[in-house]
Amino acid sequence: MQEVKQFFQRHLIAAPISFGSWLAMILAAGMNPFAATGLMIAIYLGGNFTIKQIQLSSNVKELGMSRSEYKHIKTQITEAKSKINKLNGLYGQVRSVQAFKQVYEMNNLAKRILTIVRKNPKKFYHVEKFFYSHLDSAVELTSKYAMLVNQPLKDQEIRVALQHTRETLTEVNKQLEQDLRGALATDIEQLQLELDYVDVTMKKNTPLLEMKGEMQNDRK
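About the cut-offs
- Residues numbered from 1 in each chain as written.
- Predicted model: local features only at pLDDT ≥ 70, side-chain atom pairs only at ≥ 80, totals over all residues.
- Heavy atoms only, no water.
- Salt bridge = Lys/Arg side-chain N within 4 Å of Asp/Glu carboxyl O.
- Helix = DSSP H or I, 4+ residues; strand = E, 2+ residues; numbered from the N terminus.
- Buried < 20%, exposed > 50% of the residue type's maximum accessible area, 1.4 Å probe, protein only.
- Axes fitted to C-alpha atoms, helices over the stretch in contact; angles between N-to-C directions.
- Parallel < 35°, antiparallel > 145°, perpendicular 65-115°, else oblique.
- Left-handed = near helix turned anticlockwise from the far one by under 90°.
- Contact = heavy atoms within 4.5 Å.
- Nonpolar A, V, L, I, M, F, W, Y, C, P; charged D, E, K, R; others polar.
- Expected span 1.5 Å × (residues − 1).
- Arc of directions from axis to C-beta.
- Patch = residues over 30% accessible without salt bridge, like charges linked within 9 Å, V, L, I, M, F, W, Y side chains within 5 Å.
- Areas by Shrake-Rupley, 256 points an atom, 1.4 Å probe, with all protein chains shown as cover.

Asker: Describe the pattern of salt bridges, and please don't skip the residues or the numbers.
Answerer: Tallied over the entire structure, the rule returns two salt bridges. K83 serves as the salt-bridge partner of D136, at 2.7 Å between the closest nitrogen and oxygen. Remark: K83 occurs in helix α3 (residues 67-88) and D136 occurs in helix α5 (residues 128-149); sequence separation between them is 53 residues. The class of D136 is partly exposed, set by a relative accessible area of 22%.

The following block contains the structure:
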């Protein structure tokens, strides 16, 4: 959401500046329209790039990361999105209800993890295995299963391989569940702290409320 917001901010700032410059070059300076248009495009692109770098610096500072860290995480997010799309495209190639359910669950878990990390890039360090290993395993095994299940031959060797692949996909599914728990761990801890704080506050306020109630009864 922040990326979309910043995208529109860049263009809403760069567009009027470049267009205003174009008008000034033509009307005030009497510049050739073709040359003015070329400069307008250069101003627009340069302004867009400059604003993007300022936004990037602001994001990096807010997260407490280096630029290289931030860019690396963004690259991993882009690659993970491509892998999830590939996993999503394998739905129609698995014929088993069990395998279809496994692919659906893995796809759903992967999307949730990716959404969490996109919103908070620092979460990447809680789910590094998801990006470097587990998601790759999910895609590769599902591709292997889809390839085997669509073979015209269904001898004992292929049946054994299919069964083994389904069992391994179950394990990968569990790994993705653990990854999701890891991504949510700090949020759960923060929520628990807030609940504990509210609980303590309410306990402190309860005696005061009881005293006020007793005083009102005495007055009556």
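Structure's up, so let's keep going.
Asker: So what about the packing of α3 against α5? Which residues, and what values?
Answerer: Close contact between α3 and α5 brings their axes to 10 Å; oriented N to C, the two are set at 15°. By the angle between their axes, α3 is roughly parallel relative to α5. In this structure, the crossing between α3 and α5 has a hand that is left-handed. Contacts from H72, Q76, I77, A80, K83, I84, K86 and L87 in α3 reach F131, Y132, L135, D136, A138, V139, T142 and S143 in α5. A class-by-class count of the residues in the contact of α3 with α5 yields nine nonpolar, four polar and three charged.

Asker: Could you give me a rundown of α3, with the residues and numbers involved?
Answerer: With 22 residues, α3 should reach 32 Å at 1.5 Å per residue; the first-to-last C-alpha distance of 31 Å fits that figure. Inspection of α3 places Y70, I73, Q76, I77, A80, I84 and L87 among the buried residues, and these make up the whole buried set. Buried residues of α3, viewed axially, fall in a sector of 120°; they line one side. Exposed and oriented more than 90 degrees from the buried face of α3 are S68, T78 and K86.

Asker: How would you explain a nonpolar patch on the surface if you had to name every residue and give the values?
Answerer: Together, I13, I17, L39 and I43 make up a nonpolar patch on the protein surface, roughly 320 Å² of accessible area in all. For the nonpolar patch, the elements supplying multiple residues, two or more each, are α1 (2-28) and α2 (33-63). As for its position among the elements, I13 is in helix α1.

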